[in-house]
Amino acid sequence: MSGKKKRKSVSIVSRKRAPVGASPGTLIADPSGQPSVLNMIAYDGETFEETAGPTLDEVEAEIGRKRTLWLDVTGVGDAEFIARIGALFRIDNLALEDVINVNQRPKTEPYDGCVYIVTHMYDGENAASKEQFSLFLGNGFVLTFQERPGDCLEPVRKRLRAGSGRMRKSGADYLAYALLDTLFDAYFPMTEKLGDELERLEDLIVAAPDPAQLAELHRVRRELVAIKRSLWPSREVLAALMHDDGGYVGQDTGRFLRDTHDHVMQLVDIVETYRDFVTGLVEFYSSSVANRMNEVMKVLTIISTIFIPLGFLAGIWGMNFTHNSPWNMPELEWAYGYPAALALMAAIALGLLALFRWKRWL
């Protein structure tokens, strides 16, 4: 058995759905979903506190302290627990349903007391790491929900712990911006990795086309399509936040969101360029295989052409006529008939090769 690990395929269509006929706002978690784990960060300009696995009573007590609160939930497999968190912040069940049913298109939706943002998160390395990332931004709080442990948001946590810059001095809207900016920045190393892979495949195709390379190209194309499906509607998400009418995003933060929007547009251009590159490589692969086949057919045709007259002569001398007539192949009884026949055949073969060379067919 081969020790090579099979790479996970990236699906461009989500197949996770709520049960048919479920009423709006019904919270039914995916049985395969990760259990929900809570982490809490609370801070202001002077204080910082990070708590792993706080109780909901501790969360409720922190709400009353009027510090900026970041509540991060990893895993959406516990519907009851998520419903209790939603009740603490008075979040509509329709929004919580979208959190649990992780097949949402990136979007921004206003609700009473908060704005709900959905986008897709990658770990920055592998396109198969795609997961839904839900964020609630309200007055003084940010709630985030991710499907499984491991994310690309550790730089934000480090900045909060260090207390440098404007992170701890700004409000919840700046925290939301920092999370989204870090999330989209993680797309860059992933797309650059795909670009390096495409350049490697191009070199391999130029050297020696192989069907395995075509399979790799189709895999990369699927990954690029999946990334584009995440990025394309994310432009609207950021545009809606920049022109937020609910008062949750300040003008100063909107200026930073414009920069993130530019990053997303740049990523869209990169993905489109790579998709065109994949299409070009597939066409180049097909033409390379066709050219290689033409070269093989040319060689076989030349070999066949050379052996046609030789086979013709061999066929004539192979006819079993009697020797009692001077017209019936007298050279069969000639002492030098066999070497003379071979010499004639060799002369014909060399003559044809010279002709092909003169015609530049060789």
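Residues numbered from 1 in each chain as written. Predicted model: local features only at pLDDT ≥ 70, side-chain atom pairs only at ≥ 80, totals over all residues. Heavy atoms only, no water.

With 32 residues, helix α7 (residues 211-242) should cover 46 Å at 1.5 Å per step; its first-to-last C-alpha distance of 47 Å lies within 8% of that length. The largest bend along α7 reaches roughly 30° and is located at S234. Backbone nitrogen of A212 and a side-chain oxygen of the N-cap are separated by 2.9 Å at the start of α7; the cap is D210. (Helix = DSSP H or I, 4+ residues; strand = E, 2+ residues; numbered from the N terminus. Expected span 1.5 Å × (residues − 1). Bend = angle between axes of the 7 residues up to and from the residue. Polar contact = N/O pair within 3.5 Å; in protein donor to acceptor, adjacent residues only side chain to side chain.)

Our focus in this paragraph is unusual backbone geometry. Notably, K66 is not glycine yet its phi reads approximately 65°, a positive angle. Looking at the element boundaries, K66 is found in the loop between α1 (56-63) and β3 (68-74). Judged by relative accessible area, which is 74%, K66 ranks as exposed. At R90, a residue that is not glycine, the phi angle is positive and equals roughly 55°. Tracing the chain through its elements places R90 in the loop between α2 (79-88) and α3 (93-100). For R90, a relative accessible area of 74% translates into the label exposed. (Buried < 20%, exposed > 50% of the residue type's maximum accessible area, 1.4 Å probe, protein only.)

For the rest of this paragraph, the subject is the side chain of Q146. Looking at the secondary structure, you find Q146 in strand β7 (residues 141-146). Of the residues examined, Q146 reaches a relative accessible area of 1% and is grouped as buried. Apart from the residues within four sequence positions on either side, Q146 is in contact with D72, V73, T74, G75, V76, M121, E131, Q132, F133, D151 and R157. (Contact = heavy atoms within 4.5 Å.)

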